[in-house]
Amino acid sequence: MPTFDPIRSFRKLAYNNALANHRLLQACAALNPGEFEAPRTSFFPSIKETLNHIITVDWFYVDGLEGGTLGYQAFEIDEPFDDISSLAQAQAKVDQRLAALCEALTPEKLVSTVRLHRGDRIQEERMDDVLAHLFQHQTHHRGQVHAMLSGTSVAPPQLDEFIVADDARFRGEELTGLGWSEEMLMR
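All figures in this text were calculated on a predicted structure; none of them were measured in a lab.

**Q** When you look at the overall build of the protein in this model, what are you seeing that I'm missing?
**A** On a plain count of helices and strands, the protein comes out with 7 helices and 2 strands. In the protein, the succession of α and β elements from N to C terminus is α-α-α-α-β-β-α-α-α. Whereas a compact globule of 187 residues would reach a radius of gyration of roughly 16 Å, the protein reaches 17 Å, a difference of no more than 12%. Projecting the C-alpha coordinates of the protein onto the three principal axes gives extents of approximately 50 × 50 × 25 Å. Each of the 187 residues in the protein was classed as buried or not, and the buried ones make up 47%. Residue pairs in contact within the protein that sit at least 24 positions apart in sequence constitute 70% of those at least 6 positions apart.

Okay, here's the thing in structure tokens:
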């Protein structure tokens, strides 16, 4: 019987996060002119604002998880990207950083303290809690973009086919394009 690996779920969530962002941003790249910026009903009032929020929050948390001190500088520009192409490239980079961080996790690192620089204070949290929070944040806001796409010329992509082995049939070509393999994901 295989032994339990407490790191496996975090690795899989990091890869799931990257694939879901990849699919969502590919769909957004196909939007008609004006649809990216158009006012919509959601927590942030456009696809553009929501995707920019996702990436700035990723910069903040991934930097903190890596031991950095970027802090609120991640939010100096509310919307650092005006176009989907630049945003997608930057998102892929931070997703790669998060996946690399999760690949390097150990049980000791999971319970280590992360220091998040919050301007006038430093928030201290367990790494596993920060990771869980970040993955939840991503899922929450990607779902909003997914719903907003329903009111555009582009159909929302499938975002929840990833974690189980049976979903391999839905992700083959994408994995190759991302440089991943099924063996890597299922270990």
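Once you've had a look at it, read on.
**Q** It is not clear to me how the UniProt feature "binding site: a divalent metal cation" (unreviewed entry) in the protein should be interpreted in this structure. Could you clarify?
**A** The residues that UniProt annotates with the feature "binding site: a divalent metal cation" (unreviewed entry) are His 53, His 137 and His 141. For the annotated residues, spread through 89 residues, the largest C-alpha to C-alpha distance comes to 10.3 Å, consistent with a single compact locus. Structurally, His 137 can be placed in helix H5 (residues 127-149). The residues touching His 137, leaving out its near neighbours within four places in the chain, are His 53, Ile 54 and Val 57. Taking relative accessible area as the criterion, His 141 reaches 3% and is therefore assigned buried. With near-sequence residues (within four places) excluded, His 141 lies in contact with Phe 43, Phe 44, Thr 50, His 53 and Ile 54.

**Q** Any chance you could explain helix H3 (residues 84-103) here in plain terms?
**A** One turn of an α-helix holds 3.6 residues; hence residues three or four places apart share an orientation. Taking 1.5 Å per residue as the helical rise, H3 with its 20 residues ought to reach 28 Å, and the 28 Å between its terminal C-alpha atoms agrees with that figure. The complete set of buried residues in H3 reads Ile 84, Leu 87, Ala 90, Gln 91, Val 94, Asp 95, Leu 98, Ala 99, Leu 101 and Cys 102. Turning to H3, the residues buried within the fold contact helix H1 (8-29), helix H2 (47-65) and H5. With a side-chain oxygen lying 3.3 Å from the backbone nitrogen of Ser 85, the N-terminal cap of H3 falls on Asp 83.

**Q** Before we go on, may I ask you to explain the environment of Lys 12 in this structure?
**A** Mapped onto the elements of the fold, Lys 12 is located in helix H1. Owing to a relative accessible area of 6%, Lys 12 belongs among the buried residues under this scheme. Through-space distance from the C-alpha of Lys 12 to that of Ile 163 is 6.7 Å; in sequence the pair is 151 residues apart. Setting aside its immediate chain neighbours within four residues, Lys 12 contacts Phe 162, Ile 163, Leu 185 and Met 186.

Cut-offs used in this document
- Residues numbered from 1 in each chain as written.
- Predicted model: local features only at pLDDT ≥ 70, side-chain atom pairs only at ≥ 80, totals over all residues.
- Heavy atoms only, no water.
- Helix = DSSP H or I, 4+ residues; strand = E, 2+ residues; numbered from the N terminus.
- Rg over C-alpha atoms; globule rule 2.2 N^0.38 Å.
- Buried < 20%, exposed > 50% of the residue type's maximum accessible area, 1.4 Å probe, protein only.
- Contact = heavy atoms within 4.5 Å.
- UniProt positions renumbered as here; feature names shortened; annotations may be inferred.
- Expected span 1.5 Å × (residues − 1).
- Polar contact = N/O pair within 3.5 Å; in protein donor to acceptor, adjacent residues only side chain to side chain.

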